[in-house]
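The lines below spell out each chain.
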Amino acid sequence: MNAILKTEKLRVEFKNRETRQAAKVALLGLDLQVNGGEVFGFLGPNGAGKTTTINVLLGFVQPTSGTASLFGINVGQPIARQRIGYLPEMTYYYKFLTAEELLRFYSKIFGLPGPEAERRIDGVLKLVELESSRKRLIKTYSKGMQQRVGLAQALINNPDLLILDEPTSGLDPLGRMKVREIIQRLKTEGKTVFFSSHELGEVETICDRVAIIHQGELKAVGPVNEIMGRRASLEKAFLDIVGYQPQPTP
Amino acid sequence: MRNILAVADIVIKELYRRKDFYVLFIVTILICLVMASVNIFNNPDIIRYVKSLCLLLIWVSSLVIAITTTARQIPAEREQRTLLPLLAKPLSRSQLIVGKFLGCWIACGLALLCFYAFFGALSASREHHWPVLSYLQAGLMHWVALAVVIALTLLGSLVFAAPSSNATICFVIVGGILFVGRYLDVVALSLQKPWQTIIYAVYFVIPHLEFFDMRKLIIHDWPLIQWRFIGLASLYGVAYAAFFLAAACLVFRRKAVN
Ligand SMILES: Nc1ncnc2c1ncn2[C@@H]1O[C@H](COP(=O)(O)OP(=O)(O)OP(=O)(O)O)[C@@H](O)[C@H]1O
Ligand SMILES: [Mg+2]
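Residues numbered from 1 in each chain as written. Chains lettered and ligands numbered in written order. Predicted model: local features only at pLDDT ≥ 70, side-chain atom pairs only at ≥ 80, totals over all residues. Heavy atoms only, no water.

Asker: Quick question: what am I supposed to make of the overall build of chain A here?
Answerer: Across its full length, chain A carries 8 helices and 10 strands. Relative to a compact globule of 250 residues, whose C-alpha radius of gyration would be 18 Å, chain A shows 19 Å and is just as compact. Projected onto the principal axes, the alpha-carbon positions of chain A cover approximately 55 × 40 × 40 Å. Counting the 250 residues in chain A, one finds 51% classified as buried. Here the analysis covers contacts within chain A between residues at least 6 apart in sequence; of these, 65% occur between residues at least 24 apart. Within the structure as shown, chain A displays about 11,700 Å² of accessible surface, and the carbon and sulfur contribution to it stands at 50%. Charged side chains of chain A number 33 positive and 27 negative; the gap between the two group centres comes to 3 Å. (Helix = DSSP H or I, 4+ residues; strand = E, 2+ residues; numbered from the N terminus. Rg over C-alpha atoms; globule rule 2.2 N^0.38 Å. Buried < 20%, exposed > 50% of the residue type's maximum accessible area, 1.4 Å probe, protein only. Contact = heavy atoms within 4.5 Å. Areas by Shrake-Rupley, 256 points an atom, 1.4 Å probe, with all protein chains shown as cover. Lys, Arg positive; Asp, Glu negative; His and termini not counted. Charge placed at Lys NZ, Arg CZ, Asp CG, Glu CD.)

Here you go:
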């Protein structure tokens, strides 16, 4: 299998600033592999280490030990990020730019030649339905519009791998549907999508495989139906795997 | 290079879209205008005095512009989390630092151009002569000094967490160098042994920004400095700026940005 995204024994400790001692171990030896053309859901409770994993993949955080690579290139090298699109957990963009200028700036960094950049900008703005506000400053956008700008910038370089951190959080049902459609469309184009989410219903419908992590450890990984086993929904399976005990009602 | 220029372009765009940048600019120009209008006696001493005040004001406000805008750059990117999508692009952290530097430096250069052109126009309206080359030399040296200040501030913004404390520290350092930097060797001579060595070391290590202060050239209409000295001084300044930038890249290289 062609592993597009791979982590081996990834360990991340956050040090306490004053004592320089490990204050928090966010990941304890995570092994993950995402193959080309997959839609991969990355699940886990709050604080499980999902964002930390993504931060390592993008080179924002240095792993304490272990390695991570994208397209077989170590994530420490900027060139590993040439063919990826990334949507951060909470999206904020330069307020003093318009959507169009922001995308033009990012496409320059990807080295897209002028005419192609303009074509891509038109394309992604149409996809996220921001054409009518493209010349407005981002600071005048609503939260959902900002999230859509985020999606547009993640797609600007026509990436082969998309890394999305909770792409549907803060969106209305329509917006969520739209994101789901975009992910499915990318899949038919043969792209790979790696995303974290708390929306298990949505994960169940669009993911080929999922991984569930809990307290920095991989608890389960595999195709959705395998993880579900005989349980009625992915949500049930998730709760079982993270060891949730229902409280008896008094 | 393409990435660096793209980042610099965004820095400049931000500066001209922010209104607070203009305030200081306009205030400076207004004060100069008022001072120039006071000069009613056409007494050469008073003219010189007013000129020196105007130039001092230009120096101070250029330093304020340079330090405050630079100190804000990286912390604002962190705070508003725009650093994440940016660094997720194939942009190295050093390119980001150099781009930020270049953007701030070019913006300050444009501000200086306006300041000196304005100053030139103001004094030409009084004295009816245009020592353009003197202005060019003084402006150029001023700009090189700002390169050192901007690189230092950028380094500070990566070392100190709060932008305001960084700006204050940079002001103190730059002000200290400008006012007492040249006397440190004399001070050292008057001291006892361990202190003498320390002060001497400081004297040799600090960038002597006062070399770049050529206000007297304009105030007293002195003849031009030889261009090769200007070139040497520029090299000296650029070397310090490059040193601070390299240090900034080193500090930033392994820093977690989440
Ligand atoms: N900079 C940091 N310093 C110290 N601890 C951190 C830091 N960043 C994250 N952590 C800790 O690491 C753990 C994993 O956090 P992470 O953000 O990866 O969780 P997550 O799975 O993305 O959660 P959520 O679903 O809430 O987004 C948490 O316990 C968090 O407190
Ligand atoms: Mg998270």
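Picking up after the structure, the text goes on.
Asker: How should the interface of chain B and chain A be read in this particular structure?
Answerer: When the parts of a complex come together, some accessible area is lost, and that lost area is often used as the size of the interface. Across the boundary between the two partners, chain B contributes 29 residues, which contact 31 residues of chain A. For the interface between chain B and chain A, the tally reads 2 salt bridges. Across the pair Arg-17 of chain B and Glu-101 of chain A runs a salt bridge, and its minimum N-O distance is 2.7 Å. For the pair chain B and chain A, the number of links is 11 residue pairs in polar contact (both at pLDDT 80 or more). If you list the elements that add at least two residues to the side of chain B that touches chain A, you get helix H1 (2-17) and helix H4 (83-87) of chain B. The leading source of residues in the side of chain B that touches chain A is H1 of chain B, at 9 residues. Classifying every residue of the side of chain B that touches chain A by side-chain character gives 12 nonpolar, 5 polar and 12 charged. (Salt bridge = Lys/Arg side-chain N within 4 Å of Asp/Glu carboxyl O. Polar contact = N/O pair within 3.5 Å; in protein donor to acceptor, adjacent residues only side chain to side chain. Nonpolar A, V, L, I, M, F, W, Y, C, P; charged D, E, K, R; others polar.)

Asker: For this particular structure, what's the right way to read the pattern of salt bridges?
Answerer: Any two side chains of opposite charge can pair, given that their charged atoms come close. Residue and element names in this part refer to chain A. Inspection of every chain in the model, using the stated rule, returns 22 salt bridges over all chains. With a shortest N-O distance of 3.4 Å, Arg-104 and Glu-100 are connected by a salt bridge. A residue pair is termed a helical-turn pair when its members lie 3 or 4 positions apart in one helix, as Arg-104 and Glu-100 do in helix H2 (residues 99-109) at 4 residues. Residue Asp-240 pairs with Arg-231 through a salt bridge whose shortest N-O separation is 3.0 Å. The partly exposed category is assigned to Asp-240, whose relative accessible area is 45%.

Asker: It is not clear to me how the packing of H1 of chain B against helix H3 (residues 44-79) of chain B should be interpreted in this structure. Could you clarify?
Answerer: The description of two helices packed together rests on the angle between their axes and the distance between the axes. Residues and elements named next belong to chain B. Where H1 meets H3, the axes come as close as 12 Å, and the angle between the chain directions of the two elements is 120 degrees. The angle between H1 and H3 places the two elements in the oblique class. By crossing handedness, the relation of H1 to H3 is classed as right-handed. Together, Val-11, Glu-14 and Leu-15 of H1 and Thr-69, Arg-72 and Gln-73 of H3 make up the contact between the two elements. Tallied by class, residues from the contact of H1 with H3 come to 2 nonpolar, 2 polar and 2 charged. (Axes fitted to C-alpha atoms, helices over the stretch in contact; angles between N-to-C directions. Parallel < 35°, antiparallel > 145°, perpendicular 65-115°, else oblique. Left-handed = near helix turned anticlockwise from the far one by under 90°.)

Asker: Looking at this structure, I do not really get the site of ligand 1. What am I missing?
Answerer: Taken together, 15 residues sit near ligand 1, with Gly-47, Lys-50, Thr-51, Thr-52 and Glu-89 of chain A positioned nearest. Of the chains in the model, those with residues near ligand 1 are chains A and B. Between ligand 1 and Asn-46 of chain A, the relevant distance is 2.8 Å, taken from an oxygen atom to a side-chain nitrogen or oxygen of the residue. Contacts to ligand 1 include Ala-48 of chain A, whose backbone N or O atom sits 3.2 Å from an oxygen atom. Contact with the protein chains covers 68% of the free accessible surface of ligand 1, which is 640 Å². (Near = heavy atom within 4 Å.)

Asker: Where do I start with the environment of Phe-160 of chain B in this structure?
Answerer: Residues and elements named next belong to chain B. With respect to the element layout, Phe-160 can be found in the loop between helix H6 (132-159) and helix H7 (163-180). Given the relative accessible area of 34%, Phe-160 is considered partly exposed. Along the sequence, Phe-160 and Gln-137 sit 23 residues apart, while their C-alpha atoms lie 34 Å from each other.

Asker: Help me understand the coordination of the magnesium ion (ligand 2), please; the structure alone is not making it clear to me.
Answerer: Six octahedral donors at a metal ideally form angles of 90 or 180 degrees, and four tetrahedral donors ideally form angles of 109.5 degrees. Residue and element names in this part refer to chain A. Looking at the metal site, the magnesium ion (ligand 2) is ligated by Thr-51 (OG1) and Glu-89 (OE), spaced 1.9 to 2.4 Å from it. Of the two residues, Thr-51 sits in helix H1 (residues 50-57) while Glu-89 sits in the loop between strand E6 (84-87) and H2, which places them 38 residues apart along the sequence. You can call Glu-89 partly exposed: its relative accessible area is 25%. (Donors = N, O, S within 2.8 Å, 3.2 Å for Na, K, Ca; no water.)

Asker: What is the right way to read the sheet that holds strand E3 (residues 39-43) of chain A from this model?
Answerer: All names here are of chain A. The 6 strands are arranged E6-E7-E8-E3-E9-E10 in an open sheet whose pairing can be described as mixed. Looking at the sheet topology across the chains shown, the edges are occupied by E6 and strand E10 (217-223). Adjacent strand axes in the sheet meet at a mean angle of 15 degrees when their direction is disregarded. The sheet contacts of helix H4 (residues 143-155) involve E6 and strand E7 (161-165), and relative to E6 the element is tilted by about 165 degrees. (Pairing = 2+ DSSP bridges.)

Asker: I tried to follow unusual backbone geometry on my own but got confused; where do I start?
Answerer: If a residue is not glycine, its phi is most likely negative; likewise, a peptide bond is most likely trans. All names here are of chain A. Phi is positive for Glu-129, close to 60 degrees, though the residue is something other than glycine. Along the polypeptide, Glu-129 turns up in the loop between helix H3 (114-127) and H4. On the basis of relative accessibility, which here comes to 48%, the residue Glu-129 falls in the partly exposed class. In this structure, Gln-215 takes a positive phi of about 50 degrees despite not being glycine. You can see Gln-215 is positioned in the loop between strand E9 (209-214) and E10.

Asker: What am I meant to see in the pairing of E7 of chain A here?
Answerer: Every other side chain in a regular strand lies on the same face of the sheet, so the side chains alternate between the two faces. Residues and elements named next belong to chain A. Of all 5 residues in E7, 5 are buried, a share of seventy percent or more. Burial along E7 is two-sided: the face carrying Leu-161, Ile-163 and Asp-165 and the face carrying Leu-162 and Leu-164 are both buried. Sheet topology places E6 next to E7; 4 bridges connect them, and they run parallel. Following the sheet pairing, Leu-87 is matched in E7 by Leu-164. Chirality of the crossover, the property in question, places the unit of E7, helix H5 (residues 173-188) and strand E8 (residues 192-196) among those that are right-handed. (Right-handed = clockwise from strand over helix to strand, strands pointing away.)

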